Amino acid sequence: MFFIPFIVLGLIILFTGIFTVKQQSAAIIERFGKFKVIRQSGLQFKIPLVDKIAGRLSLKIQQLDVIVETKTKDDVFVRLKVSVQYKVIKQKVEDAFYKLDYPHDQITSYVFDVVRAEVPKMILDDVFLKKDDIAIAVKTELNEAMQNYGYDIIKTLVTDIDPDAQVKEAMNRINAADREKTAAQYEGDAQRILIVEKAKAEAESKRLQGQGIADQRREIARGLEESVEVLNKVGINSQEASALIVVTQHYDTLQAIGSETNSNLILLPNSPQAGSNMLNDMVASFAASNEIGEAMKEAKKNKKLNS
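Numbers given for residues are sequential positions, taken from 1 along each chain in its written order. The model is predicted, so local features are restricted to residues of pLDDT at least 70 and side-chain atom pairs to those at 80 or more, both for listing and for counting; the totals for chains, interfaces and linings are taken over all residues. Excluded from the side-chain calculation are hydrogens and water; included are all heavy atoms of the structure.

**A closer look at the overall build of the protein**
Here's step 1: The way it works is that DSSP assigns letters per residue, a run of H or I at least four long becomes a helix, a run of E at least two long becomes a strand, and they are numbered from the N terminus. From N to C terminus, the protein includes 8 helices and 8 strands.
Here's step 2: Relative accessibility under 20% of the residue-type maximum defines a buried residue, over 50% an exposed one, and the middle range a partly exposed one, all with a 1.4 Å probe and only protein chains included. Looking at the protein as a whole, 21% of its 307 residues are labelled buried.
Here's step 3: Contacts are residue-level and defined by heavy atoms, with any inter-residue pair within 4.5 Å sufficient. For the protein, the share of sequence-separated contacts (at least 6 apart) that also reach a separation of at least 24 residues comes to 64%.
Here's step 4: Carbon and sulfur atoms make up 56% of the accessible area of the protein, which totals about 21800 Å². Working definition of accessibility: Shrake-Rupley area with a 1.4 Å probe, residue cover restricted to the visible protein chains.

Printed below as a string of C-alpha cells:
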C-alpha cells in the first residue's frame, strides 16, 4: 500500500508525456522555455515536467479577406475585396510561430500598402480591366515579405470591386445611353436600307414598265403597218388607210367605255355623224399636208437648179 501513491504519480507523469498531433498540424515543443523541436502529426512523446507544448499551428491553406477603400486616378472612391490564400511552410514552422504573433494583421497591412499604391495609378475602368494585375502585384509583395516569417502565399484574388453608389448609377446611365445610341444607329441603318431597296425596286418597276410600254407601242406600230399594207392592196391609199384605222380605234374606245358599268367618262364630240366627220377631216388633212409637202419639195428643187 505504501507504493500505490508513487505508482499512481508515475502513471500520471508518464501519461502527461504522451500527446497526439492532428493531421496537417504541427506542435512546437519547448524545454524550460526554450524551443526544442517541432512534432508532426501522429502519436508523440515529451519529457514530463521538462518539456511542454508551446503551441500548435495548422498547415492547411487558409484564406484571409481584406477590404480596402482607396481612390482611383480619376478621383473615384472604390472598395476592393482582396482574398489572400496562404499556409505555413512545413519546414519553417519555427519561424511562423516565433517571428510573427499576428499573421493576419501583417498580411492585411501589406495588402493595404500594395492596393493603395497600385489603384491610384489607374482610372476606374482600368481597375476593372486590370484587377488581375493588382492581384499579381499583391502576391509578389506578400511573397517577398512573408517568406521570411515562414508563410507561403498561394494565391491572391481581387474578388469584388465596389465603386461609390453615385458612381455606379452614373456608369449605368452611361451604359444605357450608349446602348440606346447603338440601337438608334442600327434602326437608322435599317431604315436607310429599306429606303434604298424600295428605291431600287421602284426604279426596276419603272424600267420594266417603260420597257413594256415601248414593246406595246412597237407592236401597235407593227400592227398599223400591216393594216396599211392590207388596205393598200385593196386600192385604199395610205392617208385613207390611216384615217380608217383611227376611226376604227375611236369606235373600239367607245365600245370599251360602254362595257364599264360604273364609268362616268364623257367623250366629245359624241354625235352619230362624229365618226364620218372625223374620217373626212383626217383624209382632208392628210391630203393637204401631202400637197404642202410636194410643193416644198418642188420649191427646193427649183432653187437648186437656179443656183
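**Points about the environment of Phe112**
Here's step 1: Within the secondary structure, Phe112 sits in helix α3 (residues 103–118).
Here's step 2: The exposure class of Phe112 is partly exposed, given its relative accessible area of 26%.
Here's step 3: Note: C-alpha distance between Phe112 and Val138 (26 residues apart in sequence) is 9.1 Å.
Here's step 4: In this view, Phe112 contacts Val66, Ile67 and Val68; residues no more than four positions away in its chain are not counted.

**Overview of the packing of aromatic side chains**
Here's step 1: Here is the rule: rings of Phe, Tyr and Trp (six-membered ring for Trp) pair when centre to centre is within 6.5 Å. Planes less than 30 degrees apart are stacked, more than 60 are edge-to-face, and the remainder are tilted. By the definition in use, this model includes 3 aromatic pairs.
Here's step 2: For the ring pair Phe97 and Tyr98, a centre distance of 4.9 Å and an interplane angle of 85° mean the geometry is edge-to-face.
Here's step 3: Here Tyr98 falls in the partly exposed class, since its relative accessible area comes to 35%.
Here's step 4: Within the aromatic cluster, the residues linked to one another by ring pairs are Phe35, Phe97 and Tyr98.

**Structural notes on the sheet that holds strand β6 (residues 62–71)**
Here's step 1: For two strands to be treated as a pair, DSSP must find no fewer than two bridges joining them. The 3 strands are arranged β6-β7-β8 in an open sheet whose pairing can be described as antiparallel. Both outer strands of the open sheet, β6 and β8 (151–163), are each paired with one neighbouring strand and no more. Across the sheet, the mean angle from the axis of one strand to that of its neighbour is 20°, orientation sign disregarded.
Here's step 2: Examined bridge by bridge, strand β7 (residues 77–88) and β8 share 11 bridges and lie antiparallel to one another. Its bridge partner being in β8, Val84 is matched across the sheet by Thr156.
Here's step 3: Note on geometry: axes are lines fitted to C-alpha atoms, helical ones only across the stretch in contact, with angles between N-to-C directions running from 0 to 180 degrees. Contacting β6, β7 and β8, α3 crosses the sheet at an angle of about 35° to β6.
Here's step 4: Relative to β8, helix α5 (residues 131–146) is tilted by about 145°, and along the sheet it contacts β7 and β8.

**Some details on the nonpolar core**
Here's step 1: Only buried residues count toward a nonpolar core. Its members are Ala, Val, Leu, Ile, Met, Phe, Trp, Tyr and Cys residues joined through side-chain atoms within 4.5 Å. In this structure, Leu80, Ile107, Val111, Val115, Ile134, Val138 and Leu142 are the most contacted members of the largest nonpolar core, which totals 32 residues.
Here's step 2: When residues of this core are traced back to their parent elements, those giving at least two are β2 (25–31), β6, β7, α2 (93–98), α3, α5 and β8.
Here's step 3: Looking at which element gives the most residues to this core, the answer is β7, with 6 residues.
Here's step 4: Setting aside anything within four residues of it in sequence, one finds Val115 in contact with Val68, Thr70, Leu80, Val82, Pro120, Ile134 and Val138.

**A few points about the side chain of Ser83**
Here's step 1: Among the secondary structure elements, Ser83 is positioned in strand β7.
Here's step 2: For Ser83, the side chain forms a polar contact with the side chain of Asp65, separated by 2.7 Å. Polar contacts here mean pairs of N or O atoms no more than 3.5 Å apart (in protein, one a potential hydrogen donor and the other a potential acceptor; neighbouring residues in sequence count only if both atoms are side-chain atoms).

**Some details on the pattern of salt bridges**
Here's step 1: When a carboxyl oxygen of Asp or Glu is within 4 Å of a side-chain nitrogen of Lys or Arg, the pair counts as a salt bridge. Counting across every chain of the model gives 6 salt bridges.
Here's step 2: The shortest N-O distance in the salt bridge between Lys71 and Asp75 comes to 3.5 Å.
Here's step 3: The partner of Asp95 in a salt bridge is Lys99, and the shortest N-O contact between them spans 3.9 Å.
Here's step 4: We classify Asp95 as partly exposed; its relative accessible area is 23%.

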